[in-house]
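Structural overview for review
Each chain, written out:
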There are 2 protein chains.
Amino acid sequence: MIQKSSTINDVARLAGVSKRTVSRVINGSLSVGDSTRVRVEKIIAELNYSPNTQARGLASSRSYLLGLIYDNPDALYLDDVQRGVLEICSTLGYELVVHPCRYRSETLVQDCLNFINRSKLDGVIVLPPVSELESLALALKNAGRPYVRLTSVSIDEPQHIVVSDDRAAAAEMARYFAQLGHQDIAFISGPQRYKSSTERMEGFKLGLSAYGITLQTERIIEGNNTYETGIECARNLLSQTPLPTAIFANNDQMAAGVLKVAHQMGIAIPDQLSVAGFDDNLLASRVIPALTTIRRPVRQMAQLATTKMIMVIEQNDKSAQQVAAKVAPTLVVRESTAQAAVAVSS
Amino acid sequence: MIQKSSTINDVARLAGVSKRTVSRVINGSLSVGDSTRVRVEKIIAELNYSPNTQARGLASSRSYLLGLIYDNPDALYLDDVQRGVLEICSTLGYELVVHPCRYRSETLVQDCLNFINRSKLDGVIVLPPVSELESLALALKNAGRPYVRLTSVSIDEPQHIVVSDDRAAAAEMARYFAQLGHQDIAFISGPQRYKSSTERMEGFKLGLSAYGITLQTERIIEGNNTYETGIECARNLLSQTPLPTAIFANNDQMAAGVLKVAHQMGIAIPDQLSVAGFDDNLLASRVIPALTTIRRPVRQMAQLATTKMIMVIEQNDKSAQQVAAKVAPTLVVRESTAQAAVAVSS
DNA sequence: TTGTAAGCGTTATCAG
DNA sequence: CTGATAACGCTTACAA
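Residues numbered from 1 in each chain as written. Chains lettered and ligands numbered in written order. Predicted model: local features only at pLDDT ≥ 70, side-chain atom pairs only at ≥ 80, totals over all residues. Heavy atoms only, no water.

This part is about the state of the cysteines. All names here are of chain A. The final tally for this structure, using the stated rule, is 0 disulfides over all chains. Cysteine Cys-101 shares no disulfide, and the gap to the nearest cysteine sulfur, in Cys-112, comes to 4.8 Å. The buried category is assigned to Cys-101, whose relative accessible area is 6%. (Disulfide = S-S within 2.5 Å. Buried < 20%, exposed > 50% of the residue type's maximum accessible area, 1.4 Å probe, protein only.)

Below, the discussion takes up the environment of Met-311 of chain B. When you line up the elements, Met-311 of chain B lands in helix α13 (residues 298-313). Dropping the residues within four chain positions of it, Met-311 of chain B is found in contact with Asn-316, Asp-317, Ser-319, Ala-320 and Val-323 of chain B. (Helix = DSSP H or I, 4+ residues; strand = E, 2+ residues; numbered from the N terminus. Contact = heavy atoms within 4.5 Å.)

Moving on, we get to the packing of aromatic side chains. All names here are of chain A. Using the criterion set out here, one finds 16 aromatic pairs over all chains in the structure. Relative to Phe-248, the ring of Phe-187 lies with its centre 5.6 Å away and its plane at 45 degrees, an arrangement referred to as tilted. With Phe-187 in strand β6 (residues 185-189) and Phe-248 in strand β8 (residues 246-249), this pair connects stretches of sequence that are 61 residues apart. Grouping residues by exposure puts Phe-187 and Phe-248 together as buried. Here a set of aromatic residues connected by ring pairs shows up, and it is made of Tyr-176, Phe-177, Phe-187, Phe-204 and Phe-248. In this structure, Arg-62 packs its charged tip against the face of Tyr-64, placed 4.6 Å from the ring centre. (Phe/Tyr/Trp six-rings, centres within 6.5 Å; stacked < 30°, edge-to-face > 60°. Lys NZ or Arg CZ within 6 Å of the ring centre and 35° of its normal.)

Moving on, we get to the protein's contact with DNA strand C. In the neighbourhood of DNA strand C, 26 residues make up the surrounding shell, with Thr-21, Gly-33 and Thr-36 of chain A together with Ile-8 and Ser-23 of chain B lying closest. Thr-36 of chain A places a polar side-chain atom, nitrogen or oxygen, 2.3 Å from a phosphate oxygen of DNA strand C. Of all the secondary-structure elements, those providing two or more residues to the surface near DNA strand C are α2 (19-26) and α4 (53-60) of chain A together with α2 (19-26) and α4 (53-60) of chain B. Broken down by element, the residue count for the surface near DNA strand C peaks at 4 residues, all from α4 of chain B. (Near = heavy atom within 4 Å. Polar contact = N/O pair within 3.5 Å; in protein donor to acceptor, adjacent residues only side chain to side chain.)

According to UniProt, the feature "domain: HTH lacI-type" (unreviewed entry) maps to residues 6-60 of chain A in the numbering used here. Helix makes up 69% of residues 6-60 of chain A and strand 0%, and the two end C-alpha atoms of the span are 20 Å apart. (UniProt positions renumbered as here; feature names shortened; annotations may be inferred.)

With that out of the way, let us pick up the interface of chain A and chain B. Listed per partner, the contact involves 53 residues of chain A and 53 residues of chain B. When the area that chain A buries against chain B is broken down by residue, the three leading residues are Gln-54, Arg-286 and Ile-288 of chain A, summing to 17%. Where chain A touches chain B, the interface holds 8 salt bridges. In this structure, the connection of chain A to chain B is made through 21 residue pairs in polar contact (both at pLDDT 80 or more). Of all the secondary-structure elements, those providing two or more residues to the side of chain A that touches chain B are α4, β1 (65-70), α5 (78-89), β2 (95-100), α6 (108-119), α10 (227-237), α11 (252-265) and α12 (282-286) of chain A. (Buried area = accessible area lost by both parts, 1.4 Å probe. Salt bridge = Lys/Arg side-chain N within 4 Å of Asp/Glu carboxyl O.)

Residue and element names in this part refer to chain A. Two elements in contact, α5 and helix α13 (residues 298-313), have axes whose closest approach is 7 Å; the angle formed by their N-to-C orientations is 40 degrees. What the angle tells us is that α5 and α13 run oblique. Judged by the sense of rotation from one axis to the other, the crossing of α5 with α13 is right-handed. Facing Asp-80, Val-81, Arg-83, Gly-84, Val-85, Glu-87, Ile-88 and Cys-89 of α5, the residues of α13 in contact are Val-298, Arg-299, Ala-302, Gln-303, Thr-306, Thr-307 and Ile-310. Among the residues making up the contact of α5 with α13, the classes are represented as 7 nonpolar, 4 polar and 4 charged. (Axes fitted to C-alpha atoms, helices over the stretch in contact; angles between N-to-C directions. Parallel < 35°, antiparallel > 145°, perpendicular 65-115°, else oblique. Left-handed = near helix turned anticlockwise from the far one by under 90°. Nonpolar A, V, L, I, M, F, W, Y, C, P; charged D, E, K, R; others polar.)

With that out of the way, let us pick up the domain arrangement of chain A. Partitioning chain A into structural domains gives domain 1 (8-51), domain 2 (62-165 + 297-328) and domain 3 (166-296). One C-alpha centre belongs to domain 1 of chain A, the other to domain 2 of chain A, and the line joining them spans 34 Å. (Domains from an automatic or database assignment.)

The next thing to look at is the relation of the copies chain A and chain B. With an axial shift of 0.1 Å and an RMSD of 0.2 Å, the rotation relating chain A to chain B amounts to 180 degrees. Put plainly, the chains are arranged around a two-fold axis. Comparing interface residues between copies, 98% of those in chain A also sit at the interface in chain B, which points to an isologous, same-surface contact. (Least-squares fit on C-alpha atoms with pLDDT ≥ 70 in both.)

Here we take up the sheet that holds strand β7 (residues 220-222) of chain B. All names here are of chain B. Spatial ordering of the open sheet is given by β7-β6-β8-β9, a layout of 4 strands whose pairing is parallel. The open sheet is flanked by β7 and β9 (274-276), the only strands paired with a single partner. Pairs of neighbouring strands in the sheet enclose a mean axial angle of 15 degrees, with direction left out of account. In this sheet, β7 lies alongside strand β6 (residues 185-189) in parallel orientation, the contact comprising 3 bridges. Its bridge partner being in β7, Phe-187 is matched across the sheet by Ile-220. On top of the sheet, helix α9 (residues 195-209) reaches β6, β7 and β8 (246-249); it is set at about 165 degrees to β6, its chief contact. Against the sheet, helix α11 (residues 252-265) makes contact with β6, β8 and β9, and its axis sits at roughly 155 degrees relative to β9, the strand it touches most. (Pairing = 2+ DSSP bridges.)

All names here are of chain A. Here 4 strands make up an open sheet; going across it, the order is β7-β6-β8-β9 and the pairing parallel. The open sheet has two edge strands with one neighbour each: β7 (220-222) and β9 (274-276). With strand direction ignored, the average angle separating the axes of adjacent strands in the sheet is 15 degrees. Across the sheet, helix α9 (residues 195-209) lies against β6, β7 and β8, angled at about 165 degrees from β6, the strand it touches most.

What follows concerns helix α7 (residues 134-142) of chain A. Residue and element names in this part refer to chain A. Listing the buried residues of α7 in full gives Leu-136, Ala-137, Ala-139 and Leu-140. The buried residues of α7 all sit within an arc of 160 degrees when viewed along its axis, so they share a single face. Against the buried residues of α7 lie α6, β3 (123-126) and β4 (147-151). Backbone geometry just after α7 places Gly-144 at a positive phi near 70 degrees. (Arc of directions from axis to C-beta.)

As a structural note, the neighbourhood of DNA strand D is formed by 25 residues, with Ile-8, Arg-20 and Tyr-49 of chain A together with Gly-33 and Thr-36 of chain B the closest of them. Near the protein, within 4 Å, the atoms of DNA strand D are sugar or phosphate in 64% of cases. Within the backbone of Ser-18 of chain B, one N or O atom sits 3.1 Å away from a phosphate oxygen of DNA strand D. For the surface near DNA strand D, a count of residues per class yields 9 nonpolar, 10 polar and 6 charged.

See the structure below:
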């Protein structure tokens, strides 16, 4: 049942040209006569011919394979990323090979390098938090492999990065909180080893300070971006007197933890306490009350990253540098936030 | 900076043998002298040599690439599947290429075929609901491509399938409901075009009937597996008089919708109403109250599927048929279910 | 604008 | 058990 598919030789023979010419047509070379091109293309269509990627790769030392390196237990956006990448690359003849890994693994860099070399990948896209590892970026650079990192800070050259401006987004959340009249605000941060965490915290503080509001030390607690640590941090925060009037969590998972604890303690949200998260993951809109949060244009980021990568792969560094490198997350207001409950003045 | 990696020729030269012999060693051929083998392996290690997959593929018409075809799984599920597949296949030298697609696309079958042919994939794993499409399975069979489908019914030969026994799981949920004393039970089904939906519904009915309980017609409503349709169905169900004492939804998303509506209507869960879902996705444990649900061993299914596939690829159909093909989901009891509120007798 | 010849790094064939 | 030698299907020189 497996029928051998036609090769470049078949096309050449039927079109009455040399395989070299067929090759030119396939690769869009300009130096092919119009009539010749048309004839060849007709045969290609008739035969439903498509070039053998392996042979092509072997001859040209390219694989037409892109890699995706990630480690994200909360990879709710994994599907989004994969679709975004493929929307761009599949029309250009590339496929996507995935490589889930462990951020904390000691052999991470070597693992990734092996992954790349085994499959002779033409380039890789790296998702946070792995994308923040300088050791990996350096190794990739030294290996001469095109790569693009998705992060929340510009920690690399423009052709190597697509950043989501988490800082600005967090500042916007601060503004939103301030305008609702909140003054006594708490923050559950993510692990400080992640740039995304520090960016969000800084942005939030900055945004607040524009309104003369300061985060008190005891109102900042570091979580681990998990639901469970969200619960722990919320227990701490909600046992303080007086209660803060609002809590901003570094991500939706932890914000959901806050909701849980508030519910257990009989604290009404948003009447007594406003809560917001970050990511707009599956959870955010399903939880009760639905979470006010920040949405990152994940798909778009993936598309930009892929566009950049392919430009670099195809030797267009300059164009790659000109593709937009920064993307703006947006505030999504739902049910978990409201006017500050208690007037501060007395 | 890119250093050309060593080839089989380098190994052959340094080991003082022909490349054919090196090839034999690489492929674990038995007909190689022990001393020769040791010598070659030593050189391979020294050079950190690894064979070029493309050349290998070209010569042997294999790609060492596995494909994953899916449409719209719950996010966490996707990561689980990908890791499960790779845990098995990466140690055997295979990589995973992903292909998100659209179940409803008219060109789905052709898309998948093109995907496979372009990259000369050695085999594909297909996730539900795409895995339920007979047209695709048939095309794969005709194309002579090894494939394995993840489904909830045995709709194919053992070497081509890994099934999660959703029917039995739903029956277990029924038993659990019955034992809690529920008699007036409602069911929000998934789209009846999906086997997973019909299996779950049948299983639930069957389980119930063992306790002499019947689902009333007006207590069965079909949703679309989305949160939004969950809400619609819940509105319908919860406007009926009397209220059912329990609702089982075809998945967690819809169960979350029920929670939402119940909350809006002031119906206490689980005191007045028990609610359960299916999947144990991220949502289930985070929602308030946490959902009683069914967990499928997704990772294990992916591993089994991969094991089968590689056996088929490597011509071991018999072994492939002997790998376990059925997997049992388990009941996870959380906070959303309780004893039936009202005694039926009067 | 087109064609010829020589690989790319493996495995398969067929000897020895 | 081992080794020449020819594929595999394509691209890259280099000519014409």
